[in-house]
Amino acid sequence: MVSDALNAEIPETPEETEEEPIKQRKNGLYPGVSDELAESMKSGWADTELHDLQPIAQAENTAARRAALSARFPGERLVIPAGNLKTRSNDTEYAFRASVEYAYLTGNQTEDGVLVMEPKDGGHEATIYLLPRSDRENGEFWLDGQGELWVGRRHSLTEAERLYGIPASDVRELADSLREATGSVRVVRGFDAGIEAALTDKVTAERDEELRVFLSEARLVKDEFEIGELQKACDSTARGFEDVVKILDKAEATSERYIEGTFFLRARVEGNDIGYGSICAAGPHATTLHWVRNDGAVRSGELLLLDAGVETHTYYTADVTRTLPINGRFDELQKKIYDAVYEAQEAGIAAVQPGAKYRDFHDAAQRVLAEKLVEWGLVEGPVERVLELGLQRRWTLHGTGHMLGMDVHDCAAARRESYVDGTLEPGMCLTVEPGLYFQADDLTVPEEYRGIGVRIEDDILVTADGNKNLSAALPRTSDDVEAWMARVKG
């Protein structure tokens, strides 16, 4: 990573004395910028304004979402920030991901952006506040750490208006404007401390939470664009799982990290990123629900629990799990446990229907797992007693699924009556992911069970007449998994 001219202080002209100078790096190799160099860098650059930009694919969808937001909060100013860069270490930052609320309403993903909905004529007038292109007069474009020559070109405000279908203004002027604002204001909290500070005497936590809850519930039912993005994410994820099967021999020679890196390559080539930290859990690590250290051994004869998802360029993520025999063949006990989880998943998926209670798919899957545990003599029946007391949870541990979308656990701020105690509707997308996990130190089960973990997870769309498995490109039965692995390995 180069670091020479970054943040070198430049001379001030009388016209620039009110601007904060670009600070010099303490240990930079250049002590400053000569007047001649500063003048040279101001000129001799071609006009790169983009004049043929078309609106982003979801521009109509984001406009409809803003209209629904406007209708819910008439007469109130609404402020939705994208967020700011976060320092990883010293002068390096984490990769930026805009807040879901902001990206959902605008389609824009750049740091420091803010959507403001101003009440007007019975509705709202939206403005997207962004950083304009870096300034060439004061040298920002080549001297500042976030200047164009360091991190790349930003869109001009005019270009942003064409892309997102929203009037654009300079975000550097927004905080002062908000401080002078009057009337009712709501802000999405937790993403931009500067914007929140400008509104500190105008907002309340209760009213802001109502805004956050509304935007979370608005995402419960996906539009056609969102469904298409989720399908893309699942298709890319299936290819990522195939990539992993092809390199299992290399993972055996190294560690789970080889699996993690292999899937990450697919995610970065076909999408924006992984949707969450990949769980590449081999052997007994499969019994740890969120094993993301991925530093363990990969051994023939054991199982690999791979829970991973590609995130598309528009932030929609898949969330898929397959449990694979590392050598390509389940042994007898592995197959028995795997087939039980598959049977539970089948029951759960069948319960995903429009008009069904959200909880139905969880209850259906848990019943099957409880029946298996009683049948195997691992817990004392009858099954109704086991379910009433939740005794199966020692080995099933987690809920059987969750909503899916721009967050891997989407719509998490929704009210219980709209989500977990609600009713399924066409357009909802959720995971169905039962599992059985026998911890390596669990003395209540026979020794041969210990260290085996199995989860099968698919992304299920509620349709008008039932459901659709968006991740069906990956096999699920034990026989099909073995045949698929043999075919992929060639």
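Computed from a predicted model, the values in this text were never measured in an experiment.

K.L.:
Before we go on, may I ask you to explain the sheet that holds strand β16 (residues 458-463) in this structure?
P.N.:
The strands that make up a sheet pair up through hydrogen bonds in the backbone, lying either parallel or antiparallel. Within the open sheet, the 3 strands sit side by side as β13-β16-β17. Their pairing is antiparallel. On the outer flanks of this sheet lie β13 (429-432) and β17 (466-469), each paired with one strand and no other. Between one strand and the next, the sheet's axes are offset by a mean angle of 40°, whatever the strand orientation. Where helix α13 (residues 332-350) meets the sheet, it contacts β13, β16 and β17, and its direction lies at approximately 160° from that of β13.

K.L.:
Sorry, what's going on with unusual backbone geometry here?
P.N.:
Trans is the common state for peptide bonds, and a negative phi is the common state for residues other than glycine. Put simply, Gly-381 and Pro-382 share a cis peptide bond, and its omega is 0°. Here Pro-382 shows up in the loop between α14 (360-375) and α15 (383-389). The backbone phi angle of Asp-121 is positive, close to 50°, even though this residue is not glycine. Mapped onto the elements, Asp-121 comes out in the loop between β4 (114-120) and β5 (123-130).

K.L.:
How do you make sense of the UniProt feature "domain: Aminopeptidase P N-terminal" (unreviewed entry) in the protein chain when you look at a structure like this?
P.N.:
With numbering matched to this structure, UniProt assigns "domain: Aminopeptidase P N-terminal" (unreviewed entry) to residues 56-196. Helix makes up 33% of residues 56-196 and strand 22%, with an end-to-end C-alpha separation of 29 Å.

K.L.:
Any chance you could explain the pairing of strand β12 (residues 320-325) here in plain terms?
P.N.:
The two faces of the sheet receive side chains in turn, since in a regular strand these alternate between them. Among the 6 residues of β12, 6 are classified as buried, and the element is accordingly described as predominantly covered. Along β12, one buried face is formed by Val-320, Arg-322 and Leu-324 and the opposite face, lined by Thr-321, Thr-323 and Pro-325, is buried too. Where strand β10 (residues 303-308) meets β12, 6 bridges bridge the pair, whose relative direction is antiparallel. Considered in β12, the bridge of Leu-303 is made with Pro-325.

K.L.:
Would you explain the domain arrangement of the protein chain in this entry?
P.N.:
In many reports, interface size means the accessible area that the parts give up when they come together. Its domain assignment divides the protein chain into domain 1 (53-219) and domain 2 (224-489). Its C-alpha centre places domain 1 at a distance of 35 Å from the equivalent point of domain 2. Residue-level contacts link 16 residues of domain 1 with 16 residues of domain 2. Taken together, both faces of the contact between domain 1 and domain 2 bury some 1,400 Å²; the carbon and sulfur share is 49%. At the junction of domain 1 with domain 2, the criterion picks out 4 salt bridges. Run the count over domain 1 and domain 2 and you get 12 residue pairs in polar contact (both at pLDDT 80 or more). Counting residues per element, the ones that place at least two in the side of domain 1 that touches domain 2 are α2 (59-72), α3 (100-106) and α9 (205-218). Broken down by element, the side of domain 1 that touches domain 2 gets its largest block of residues, 4 residues, from α9. A per-class count over the side of domain 1 that touches domain 2 returns 7 nonpolar, 4 polar and 5 charged.

K.L.:
Help me understand the side chain of Ser-156 in this model?
P.N.:
With respect to the element layout, Ser-156 can be found in the loop between α5 (148-151) and α6 (157-164). Those residues within four positions of Ser-156 in sequence are excluded, and the remaining contacts are Glu-49 and Arg-133.

K.L.:
Help me out: how do you make sense of the sheet that holds β5 in this one?
P.N.:
Ordered by their spatial adjacency, 5 strands build an open sheet running β6-β5-β4-β1-β7, and the pairing between neighbours is mixed. Two strands lie at the open edges of the sheet, namely β6 (168-170) and β7 (185-187), each paired on one side alone. Taken pair by pair, the neighbouring strands of this sheet meet at an average axis angle of 25°, ignoring direction. The sheet contact formed by strand β1 (residues 77-81) and β7 spans 3 bridges and is parallel. Paired with Leu-78 across the strands is Arg-186, a residue of β7. Set on the sheet, α6 makes contact with β5 and β6; between it and β6 the angle comes to about 150°. Its contacts with the sheet put α9 on β1 and β7, and the angle it makes with β7 is roughly 60°.

Thresholds applied
Each chain has its residues counted from 1, running along the sequence as written. Per-residue local features are limited, in this predicted model, to residues with pLDDT of at least 70; the limit for side-chain atom pairs, both in listing and counting, is 80 or more; totals at the level of whole chains, interfaces and linings are taken over all residues. Where side-chain values are given, they derive from all heavy atoms of the structure, hydrogens and water being excluded. A pair of strands is considered paired only if DSSP assigns at least 2 bridges between the two. Helical segments are the DSSP runs of H or I of at least four residues, strand segments are the runs of E of at least two, and each set is numbered from the N terminus. Think of each axis as a best-fit line through the C-alpha atoms, taken over the contacting stretch in the case of a helix, with angles from 0 to 180 degrees between the N-to-C directions. Contact between two residues is taken to exist if any of their heavy atoms lie within 4.5 Å; hydrogens are not considered. UniProt positions are given in the numbering used here, feature names are shortened, and annotations may be inferred rather than shown by experiment. Remark: exposure states derive from per-residue accessible area (1.4 Å probe, protein chains only) relative to the maximum for the residue type, with buried under 20%, exposed over 50%, and partly exposed in between. Throughout the structure description, domain borders are defined by an automatic or database domain assignment. Defined here as a combined quantity, buried area equals the accessible surface (1.4 Å probe) lost by two parts on assembly, summed across both. Salt bridges are defined as contacts in which a side-chain nitrogen from Lys or Arg sits within 4 Å of a carboxyl oxygen from Asp or Glu. Whenever two N or O atoms come within 3.5 Å, that pair is a polar contact, provided that in protein one can donate a hydrogen and the other can accept it, and provided that, for residues adjacent in sequence, both atoms are side-chain atoms. In this classification, Asp, Glu, Lys and Arg are treated as charged, Ala, Val, Leu, Ile, Met, Phe, Trp, Tyr, Cys and Pro as nonpolar, and every other residue, Gly included, as polar.

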